[in-house]
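Descriptive structure summary
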Number of protein chains: 2
Amino acid sequence: MSVLAPFHDEAQQQLGAGDIPAYMKTLGKAARSAASALRRAETGTKNRALNAMANRLEGARQQILDANADDLARGQENGLDSALLDRLALNDARIDAMIEGLRQVAALPDPVGEIDGMSYRPTGIQVGKMRVPLGVVGIIYESRPNVTLEAASLCLKSGNACILRGGSEARASNAAISECIARGLEDAGLPVSAVQVVATTDRAAVGALISMPEYVDVIIPRGGKSLIERISREAKVPVIKHLDGVCHVYIDTTADPAKALAIAVNAKTHRYGTCNTMETLLVDAPIADLLLPELARAYGEHGVELRGCERTRTLLPQALAASEEDWYAEYLAPVLAIKVVDGMDEAIAHIEQYGSHHTDAIVTQDYSLARRFMAEVDSSSVMVNASTRFADGFEYGLGAEIGISTDKLHARGPVGLEGLTTQKYVVFGDGQVRQ
Amino acid sequence: MSVLAPFHDEAQQQLGAGDIPAYMKTLGKAARSAASALRRAETGTKNRALNAMANRLEGARQQILDANADDLARGQENGLDSALLDRLALNDARIDAMIEGLRQVAALPDPVGEIDGMSYRPTGIQVGKMRVPLGVVGIIYESRPNVTLEAASLCLKSGNACILRGGSEARASNAAISECIARGLEDAGLPVSAVQVVATTDRAAVGALISMPEYVDVIIPRGGKSLIERISREAKVPVIKHLDGVCHVYIDTTADPAKALAIAVNAKTHRYGTCNTMETLLVDAPIADLLLPELARAYGEHGVELRGCERTRTLLPQALAASEEDWYAEYLAPVLAIKVVDGMDEAIAHIEQYGSHHTDAIVTQDYSLARRFMAEVDSSSVMVNASTRFADGFEYGLGAEIGISTDKLHARGPVGLEGLTTQKYVVFGDGQVRQ
């Protein structure tokens, strides 16, 4: 598959010889060099490359579908389950969405070069902070081949080179997509090594990618919790990671019952498998009698299984008894834990003890409680009177999302183009020296 | 030394039994709990604690000097060199500076709670980002006892609990200072465990501190390069680190010679041992004849040893020949490497190959070159016509500095209060659900 690294005979030889560490080092060097070019690339050039990729994708539609059919056939032979096969599958609608995604990223404002807070200091120098690319981003992901394009486009727009390591199930699809990416970069006069797709499914490639701080500035793993935990544990490079989303909605006594009902139902049932789905509902005792039976009816219609604390089960005998583990659980399924609490302090204490600091919401009409909940809940998204399902880069207006960070440092919550950049200090003087 | 953890008999017992991991875990738990209280603490309360610490320090001046005298005597017995003894020594002037520092931190604006970019989304929700504390900060440092107070005050003001691990040489001084910190916290009604000084010099304490992600959110090592490298390598917690400063000044042909001379002399000779001191001077060929002899005279007056490339040595026969290692060297001494280059592109390529991405400056009158240098040099501070010595939290107007980061993620360059915080998303709705 020469297309994956047409620019590098050396890499091909190392790959042929099975020398994965040397191969990854060659990709790393090429990425570092491309990062210098991308740091200098004008916004217009980056946008031209994104639009050229979209055109190349349109032109290679059939090749991509053929490659994807090969992946699907191999997946079926290898006994992949239907959920995985669905994530792997491309069709015309999904290719349309990929093309549309590229054009949307091209249309987003370029974060690189923005200068914040420029001001004069008493010495006469002017100091501010300029937003700049991180450098080289390594992305490790699983079966969905459209991630190849999403990751490449966001890294390119933010001025970063990237090394992409997709799942082995999608290797033919990823090769066909990376051909379009390479041709689009060429069309705009940018180095092809700005986006490199690792051309081996050997797991040693992941080990090498996360151990080259000299060539890679940050790793973003996208996939299941076990993949992310393993990478975080072993990486010698900073990782922007996304672990679990044990999200809560707390309904206070002053809540508007109609809003509380709408939010609690939406937060659980809009989609079950997403990280911003509510997993535990906390209800203030005085409003529990009124709300819980009605909520239980609504959840019943959606086939949601309820597991409650003792006080919940007095009101809802149909609920199973929640165990200690239920309060920690990220079900990602039509199951909900419910606890009746005595006031917001108990709710916040519960969230602090059992939550994952992802997204937590209060439903209340009380101004002071809303203000305190906002300040005191230490989660990446804290909401008043809105469904936790809004915790999403597109809903927040980031225009795109490379992932959701459950880390505190650097980027927290949905990560868009800005999360793929950093800030350096810029100083303008006119001969000033330090006294 | 019961004062170090008066709030925790358990910690004392564990310490007495020599069970360092259990002891550190107890400190970690106490810090995590204090972090919740600090996250909620009002600005006025934090400021009262800082001013109360200043008063306590004033009242305990003699005890601190006595404790410091013990440390110095032990240091002399143990054969510490004079530079280390100087860093360890406290006197009235240094205690005055510590007291003044506390009052200055109290006077700084509180970064916690600032909300940026709040705006309506098409769905009707309002989304913004609120600045919040990181949580628990671990700081590992060497001999200077005033770091205990600086670190404590900056963590407190930014709403973080901290665990401080100072050098064994300073243990009596640190104990006396931490007594003042604890009393100041008490005076303001804040938990004493908001600032904990590790009461053992066992190195296992460091190993435990950097391996408790459940209790510690970030580690900031302050000290020599080998300490920082070891901690970065072994930490299981994110590290904000400061490695080397191989800083450059590039003098372009269009530079104003008087400004070039002033900046090149100041950047090298203002202080030799600091990370923002110039280590390599790059001079554009057409201006080298004019500038280098005059610069060499000035450096001669300061006793700076010059090591040059071949072209430099043609103009300055007194310069030694620079080896390949010289271009990588952070001398931290009156030694300077000089290279004559052909234009800015060669200068930037040199900086990219040999520099440490700390601070680099250009001296030029050419608008387009200045603009390109700013965009293309990938360092934490990039300057036009100013001395590299300005790369400093106070000079930049941060009001205080916990360190200078050579990392790219989270905080880059001088780190003040803002670098000790993160941002969470806040969402205000009125019953909105996701469609």
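In this text the structure is predicted, and so the values were computed from the model without any measurement. (Residues numbered from 1 in each chain as written. Chains lettered and ligands numbered in written order. Predicted model: local features only at pLDDT ≥ 70, side-chain atom pairs only at ≥ 80, totals over all residues. Heavy atoms only, no water.)

Some thoughts on the domain arrangement of chain A
When the parts of a complex come together, some accessible area is lost, and that lost area is often used as the size of the interface. Taken domain by domain, chain A holds domain 1 (2-234) and domain 2 (247-390). Here the C-alpha centre of domain 2 of chain A lies 38 Å away from the C-alpha centre of domain 1 of chain A. (Domains from an automatic or database assignment.)

Comments concerning the sheet that holds strand β11 (residues 335-341) of chain A
Taken in spatial order, the 10 strands line up as β10(A)-β9(A)-β11(A)-β8(A)-β7(A)-β12(A)-β13(A)-β16(B)-β2(B)-β1(B) in an open sheet, and their pairing is mixed. The open sheet has two edge strands, β10 (320-321) of chain A together with β1 (115-120) of chain B, and neither has a second partner. Against the sheet, helix α15 (residues 344-354) of chain A contacts β7 (247-251), β8 (278-284), β11 and β12 (359-363) of chain A, and its axis sits at roughly 140° relative to β11 of chain A. Across the sheet, helix α16 (residues 367-376) of chain A is in contact with β12 and β13 (381-386) of chain A together with β2 (126-133) and β16 (421-432) of chain B; its angle to β13 of chain A comes to roughly 160°. (Pairing = 2+ DSSP bridges. Helix = DSSP H or I, 4+ residues; strand = E, 2+ residues; numbered from the N terminus. Contact = heavy atoms within 4.5 Å. Axes fitted to C-alpha atoms, helices over the stretch in contact; angles between N-to-C directions.)

Regarding the relation of the copies chain A and chain B
For the pair chain A and chain B, the relating rotation is 180°, the translation along its axis is 0.0 Å, and the fit reaches an RMSD of 0.0 Å. Such values leave the two copies arranged in the relation of a two-fold axis. No C-alpha of chain A lies nearer the rotation axis than that of His-410 of chain A, which sits 1.8 Å from it. (Least-squares fit on C-alpha atoms with pLDDT ≥ 70 in both.)

Side note on the interface of chain A and chain B
Taken together, the 69 residues of chain A in the interface contact 69 residues of chain B. Interface area for chain A against chain B, summed over the two sides, is near 5,800 Å², with a carbon-plus-sulfur share of 52%. Three residues stand out in chain A for area buried against chain B, namely Leu-409, Tyr-425 and Arg-434 of chain A, and they jointly supply 15% of the buried area on that side. At the junction of chain A and chain B, the tally comes to 18 salt bridges. Across the pair Glu-395 of chain B and Arg-434 of chain A runs a salt bridge whose closest N-O atoms are separated by 3.2 Å. (Buried area = accessible area lost by both parts, 1.4 Å probe. Salt bridge = Lys/Arg side-chain N within 4 Å of Asp/Glu carboxyl O.)

Some details on the nonpolar core
Of all hydrophobic cores here, the largest spans 82 residues; its most connected members are Met-24, Ile-64, Ile-139, Leu-164, Leu-185 and Ile-219 of chain A. Top contributing element to this core by residue count: helix α2 (residues 20-40) of chain A, with 8 residues. Those residues in contact with Ile-219 of chain A that sit more than four places away from it in its chain are Gly-138, Ile-140, Leu-209, Ile-210, Ile-231, Val-237, Pro-238, Val-239 and Ile-240 of chain A. Formed by 81 residues, the second largest nonpolar core is a distinct cluster that contains Leu-27, Leu-50, Ile-64 and Ile-163 of chain B. (Core = buried A, V, L, I, M, F, W, Y, C linked by side-chain atoms within 4.5 Å. Buried < 20%, exposed > 50% of the residue type's maximum accessible area, 1.4 Å probe, protein only.)

Looking at the side chain of Glu-279 of chain A
By the secondary structure assignment, Glu-279 of chain A is in strand β8. Beyond its immediate chain neighbours, meaning those up to four positions away, Glu-279 of chain A contacts Gly-245, Val-246, Cys-247, Lys-268, Ala-329, Glu-330, Tyr-331, Leu-332, Val-335, Leu-336 and Ala-337 of chain A.

Regarding unusual backbone geometry
With glycine set apart, most residues show a phi of negative sign, and most peptide bonds adopt trans. Although it is not a glycine, His-357 of chain A adopts a positive phi angle of roughly 60°. Here His-357 of chain A lies in the loop between α15 and β12. The residue Leu-332 of chain B is not glycine, and still its phi comes out positive at about 50°. With respect to the helices, strands and loops of the structure, Leu-332 of chain B is situated in the loop between α14 (324-328) and β11 (335-341).

Side note on the packing of helix α1 (residues 9-16) of chain B against helix α2 (residues 20-40) of chain B
All names here are of chain B. Viewed as axis vectors pointing N to C, α1 and α2 meet at an angle of 160°, and their least axial separation amounts to 8 Å. In terms of orientation, α1 and α2 fall into the roughly antiparallel class. Crossing hand, α1 versus α2: left-handed. Touching Glu-10, Ala-11, Gln-14 and Leu-15 of α1 are Ile-20, Ala-22, Tyr-23, Thr-26 and Leu-27, all from α2. In terms of residue class, the contact of α1 with α2 is built from 6 nonpolar, 2 polar and 1 charged. (Parallel < 35°, antiparallel > 145°, perpendicular 65-115°, else oblique. Left-handed = near helix turned anticlockwise from the far one by under 90°. Nonpolar A, V, L, I, M, F, W, Y, C, P; charged D, E, K, R; others polar.)

Structural notes on the environment of Pro-286 of chain B
Note that Pro-286 of chain B resides in helix α12 (residues 285-301). Separated by 34 residues in the primary sequence, Pro-286 of chain B and Asp-252 of chain B place their C-alpha atoms 8.7 Å from one another.

Things to note about the pattern of salt bridges
Where charged atoms from two side chains of opposite charge approach closely, those side chains can pair. The final tally for this structure, using the stated rule, is 67 salt bridges over all chains. With its nearest N and O atoms 3.5 Å apart, the salt bridge here joins Arg-40 of chain A to Glu-376 of chain B. Of this pair, Arg-40 of chain A sits in helix α2 while Glu-376 of chain B sits in helix α16 (residues 367-376), each in a different chain. Given the relative accessible area of 8%, Glu-376 of chain B is considered buried.

Some points on the sheet that holds strand β4 (residues 161-165) of chain A
Residues and elements named next belong to chain A. The 4 strands are arranged β5-β4-β3-β6 in an open sheet whose pairing can be described as parallel. Unpaired on one side and paired on the other, β5 (195-197) and β6 (218-222) mark the two borders of the sheet. Ignoring strand direction, the axes of neighbouring strands in this sheet form an average angle of 15°. Bridge count for strand β3 (residues 136-141) against β4 is 5 bridges, and the pairing is parallel. What sits directly across from Ile-139, in β4, is Leu-164.

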